[in-house]
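What follows is each chain in one-letter form.
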Amino acid sequence: MAFSLGIMVTTLIITVVYFNEAESEQEVANVEADEHVSIEEAHELLEEEGHIIMSQSDMDQFEQLEADYNDLKEQLDDYEAQEQLTDDQNDHEIYTLEIESGMSTHNIAFVLEEEGIIDDSDELVNYLTQNEYSRAIQVGTYVVTSEMSHQQIAITITN
C-alpha cells in the first residue's frame with residue numbers, strides 16, 4: 001500500500017513539473033516570436049557580451065595573417081635550431097697537432113691538454129700505453145678536436 005502511494009505521488013510530481021516546463025517553453029517561444037531583433041541590435045548585444053563581429057573578408061584576412069604567422073614561427077624555430085647547432089659546433093676545440101721526431105706520449109698528451117682537446121693528459125697517456133698505441137705514433141701533422149675520444153685520437157696519430 002505504501003509502495004503504491006509512493007508511486008502515485010512520484011507520478012503526480014513528474015506530471016506537474018512536465019506541464020510547468022512545457023508552459024515555460026511556450027512562453028519563451030511566444031516572446032521570441034513577438035520580438036524581432038534587428039541586425040544592429042544583435043551586433044550591439046554580442047559586443048556587450050564581449051564577442052567580436054567580423055565580416056567574411058575580415059575573417060579571410062585574419063586566417064591569412066594567422067597562416068603567415070605560423071610560417072614565420074616555423075622559420076624562426078628552424079633558424080634557432082640551426083643557430084644552436086652552430087653554437088654547439090663552435091663549442092668544440094679544433095687543433096692541428098704537430099708531432100715531431102722524439103716526442104713522447106707525455107709531450108703529446110700535455111700539448112693536447114694545454115690546447116683544451118683533452119681534460120687529463122695522464123688518462124690519454126695511460127690509454128695509449130695500455131692499448132699499445134704509444135709505440136705506433138707517427139711523425140706528422142694531425143687535426144684533432146675536443147669531441148674525439150681517446151681511441152679516435154690514438155687512431156689518428158698512429159695512422
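Relevant structure appears above.
Criteria and cut-off values
- Residues numbered from 1 in each chain as written.
- Predicted model: local features only at pLDDT ≥ 70, side-chain atom pairs only at ≥ 80, totals over all residues.
- Heavy atoms only, no water.
- Buried < 20%, exposed > 50% of the residue type's maximum accessible area, 1.4 Å probe, protein only.
- Helix = DSSP H or I, 4+ residues; strand = E, 2+ residues; numbered from the N terminus.
- Arc of directions from axis to C-beta.
- Contact = heavy atoms within 4.5 Å.
- Polar contact = N/O pair within 3.5 Å; in protein donor to acceptor, adjacent residues only side chain to side chain.
- Core = buried A, V, L, I, M, F, W, Y, C linked by side-chain atoms within 4.5 Å.
- Axes fitted to C-alpha atoms, helices over the stretch in contact; angles between N-to-C directions.
- Parallel < 35°, antiparallel > 145°, perpendicular 65-115°, else oblique.
- Left-handed = near helix turned anticlockwise from the far one by under 90°.
- Nonpolar A, V, L, I, M, F, W, Y, C, P; charged D, E, K, R; others polar.

Some thoughts on helix α5 (residues 121-130)
- Burial in α5 covers these residues: S121, L124, V125 and L128. Within α5, the buried residues cover an arc of 100° as seen down the axis, which keeps them to one side.
- Buried-residue contacts for α5 involve α4 (105-114) and α6 (150-157).
- Where α5 begins, one side-chain oxygen reaches toward the backbone nitrogen of D122, 3.1 Å away; that side chain belongs to D120.

Notes on the side chain of T158
- Tracing the backbone shows T158 in the segment after α6.
- At 3.4 Å, the side chain of T158 and the backbone oxygen of I155 are in polar contact.
- Here T158 is in contact with Y133, A136, I137 and Q138, once residues within four sequence places are set aside.

Some points on the nonpolar core
- Formed by 18 residues in total, the largest nonpolar core has its most connected members in L112, I153 and I157.
- At the level of secondary structure, the elements contributing two or more residues to this core comprise β1 (94-99), α4, α5, β2 (140-145) and α6.

Some points on the packing of α4 against α5
- In contact at an axis separation of 8 Å, α4 and α5 are set at 140° when each is read in the N-to-C sense. Relative to α5, α4 is oriented oblique. When the axes of α4 and α5 are compared, the crossing they make is right-handed. Contact residues: α4 offers T105, H106, A109, F110, L112 and E113, while α5 offers S121, L124, V125 and L128.
- Counted by class, the contact of α4 with α5 contains six nonpolar, three polar and one charged residues.

Keep in mind that these numbers describe shape and distance, not what the molecule does.
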